[in-house]
Each structure stands twice: as C-alpha cells, then as structure tokens.
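Structural characterization, general
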Amino acid sequence: ELWKLLKKQSLQVTREDWTMGKTIKLAVFLAVISALSGLCLSFVNSQTAPIIAENGSSKETEYLTKIFENAKFTEKDVSGEFVKKQYTCDAGTAYKIEVKGYGADGISFLLGIDTEGQYVGYEVLNYSSETSGIGDQIAGEDFKASVLEATADDEVDTISGATISSQAVVNGINEAAELFSSSK
C-alpha cells in the first residue's frame, strides 16, 4: 500500500509539473506576441504621426486664409489657459483656442479679430466628441453669427441647452479678447 501511495503522489507531481510548464510556455508566448504587437503599433504611429500633424496644420492654414484672405501670418506660441497660438497679420490677429467642452476630446477653434476689435472669423477645427444636436451647435451657423456680430469688448452669449460646450468656447473667446486688448 505504501508503494501505491508513493506512485500516486509521484504521478500527481508530474502532472502538476507538466501543467506548470505548459502555463509558463503560454505566458512567455503571450508576452512575446504582446511585445511584437507593441513594436508594430509604435512603428505605425511613428510613420503616421507626421502625416496626421501635417493634415491638421493644413486645415488650420486653410481656415486662417478663410478668416484673413491673402494674409501672411507671423505665428507665436501662447501659454494661456485656452489660447495656444497667435497668428498676426496686417489685417488683424487670429487665435487658436483649445477648450474642454462636454466631450472628452475638447474643442479647438480659430478666432479672428481685425485691427478695430471686431470678430471677423470663427472656425471650429475639432468638436468631434461633443453631443450631436446639442454641444455640436458651437459649430453651427447661428452661434457663428452671434460671435461675428460681437467685438472684443462685447460678451458672447452661450447656447441654451448646450451651456457646458458653449460656455467653454465663450471662455476661450474672452481670453483671446483680453490678449487682443492688452496687445493694443
């Protein structure tokens, strides 16, 4: 009986060792696959990041020329809470503004102010994570018209029902107006 008990225990140890060895092999295999996948993703990102940045920059340039036609801009980085860049030309100044709306990605837009302080351009660059039909009204013609009717001395109204997104945009506009007024 002792012999049967020892034989049974030795089989159990062997079976556990086999299971443990297989588990280790699978874990190593998954680690190698994960590392290779990470390397592939890193490579693809390094190849596509400049292209994505260039496309974003060309969209920005397109909207800047829409705000101030045929203008040559001087670009300056700004370290404001919302205002990130300032583009100056003979006709006025455009600001790139980035605010946190209701959505996760935030809102970025350009605001053009002529030399007299009149808002002459409002172009939304990104609002993709704002709620459809509510927060995305900040890119609509009605809100754009209300911005363009104002000057750097006026307060722009928020959109009823989309107060988080529109208040964020208004806060950005106000910061740009303050920068514009202080640069006079």
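One structure accompanies this document, and this report is about it. (Residues numbered from 1 in each chain as written. Predicted model: local features only at pLDDT ≥ 70, side-chain atom pairs only at ≥ 80, totals over all residues. Heavy atoms only, no water.)

1. Quick look at the overall build of the chain
Convention followed: Only DSSP runs of H or I with at least four residues qualify as helices, and only runs of E with at least two residues qualify as strands; both kinds are numbered from the N terminus onward. Relative accessibility under 20% of the residue-type maximum defines a buried residue, over 50% an exposed one, and the middle range a partly exposed one, all with a 1.4 Å probe and only protein chains included. Whether two residues touch is decided by their heavy atoms; if any such pair falls within 4.5 Å, the residues are in contact.
Scanning the chain from N- to C-terminus turns up 3 helices and 5 strands. Taken over 184 residues, the chain has a buried fraction of 32%. Counting contacts in the chain only where the partners sit at least 6 residues apart, residues at least 24 apart contribute 46% of the total.

2. Focus on the pairing of strand β4 (residues 107-114)
Note the following rule: Here, a strand pair is defined by DSSP locating no fewer than two bridges between the strands.
Of all the 8 residues making up β4, 8 are buried; the element is thus mostly covered by neighbouring parts of the structure. Alternating positions in β4 separate into two faces, Ile107, Phe109, Leu111 and Ile113 on one and Ser108, Leu110, Gly112 and Asp114 on the other, with burial throughout. As paired strands, strand β3 (residues 92-99) and β4 are joined by 8 bridges and run antiparallel to one another. Within the sheet, the bridge partner assigned to Gly92 lies in β4 and is Asp114. With 6 bridges joining them, β4 and strand β5 (residues 119-126) adopt antiparallel strand pairing. Within β5, the residue paired with Leu111 across the bridge is Tyr122. The hairpin turn running from β4 into β5, its antiparallel successor, is 4 residues long, and Gly117 in that turn takes a positive phi close to 95°.

3. Brief notes about the pattern of salt bridges
Pairs can form between side chains of opposite charge whenever their charged atoms are close. Spelled out, the test is: The working definition used for a salt bridge is a side-chain nitrogen of Lys or Arg within 4 Å of a carboxyl oxygen of Asp or Glu.
In total, this model carries 5 salt bridges according to the counting rule given. Note that Glu123 and Lys66 form a salt bridge whose closest N and O atoms lie 3.8 Å from each other. In this pair, Glu123 is assigned in strand β5 and Lys66 in helix α1 (residues 2-67), connecting sequence segments 57 residues apart. Here Lys85 ties to Glu75 by a salt bridge, and the two come within 3.2 Å at their closest N and O atoms. Highlighted residues: Lys85 in strand β2 (residues 83-89) and Glu75 in strand β1 (residues 74-77), separated in sequence by 10 residues. For Glu75, a relative accessible area of 48% gives the class partly exposed.

4. Digging into helix α3 (residues 163-183)
Where we set the bar: Helices are assigned an expected span. That span is 1.5 Å times one less than the residue count.
Taking 1.5 Å of rise per residue, the 21 residues of α3 would be expected to cover 30 Å, and the 30 Å separating its terminal C-alpha atoms lies within 8% of that figure. Looking at the packing, one finds that the buried side of α3 touches β2, β3, β4, β5 and α2 (141-148).

5. A closer look at a nonpolar patch on the surface
Stated formally: Only residues whose relative accessible area exceeds 30% and that form no salt bridge are eligible for patches; like-charged ones are grouped when within 9 Å, while nonpolar side chains (Val, Leu, Ile, Met, Phe, Trp, Tyr) are grouped when within 5 Å. Here the Shrake-Rupley method, with its probe set to 1.4 Å, supplies the accessible areas, and only the displayed protein chains count as covering residues.
On the surface, Ile24, Val28, Phe29, Leu30, Val32, Ile33, Leu36 and Leu39 cluster together into a nonpolar patch covering about 770 Å² of accessible area. Position of Ile24 relative to the elements: it lies in helix α1.

6. A short note on α2
Residue pairs spaced three or four apart in an α-helix point in one direction, given the helix's 3.6 residues per turn. Note the cut-off: Taking the helix axis as origin, the arc is that swept by the directions to the C-beta atoms.
Of all the positions in α2, only Phe143, Lys144 and Val147 are classed as buried. The buried residues of α2 occupy an angular sector of 100° when projected down its axis, which confines them to one face. Relative to its buried face, α2 has exposed residues pointing more than 90 degrees away, namely Glu141 and Asp142.

7. Looking at the nonpolar core
This is how the line gets drawn: Only buried residues count toward a nonpolar core. Its members are Ala, Val, Leu, Ile, Met, Phe, Trp, Tyr and Cys residues joined through side-chain atoms within 4.5 Å.
Formed by 28 residues in total, the largest nonpolar core has its most connected members in Ile97, Phe109, Leu111, Tyr119, Phe143 and Val169. Mapped onto this core, the elements with two or more residues apiece are β3, β4, β5, α2 and α3. Considering each element in turn, this core owes the most residues, 7 residues, to α3. Among the nonpolar cores identified, the runner-up in size contains 9 residues, and Tyr63, Leu64, Phe68 and Leu110 belong to it.

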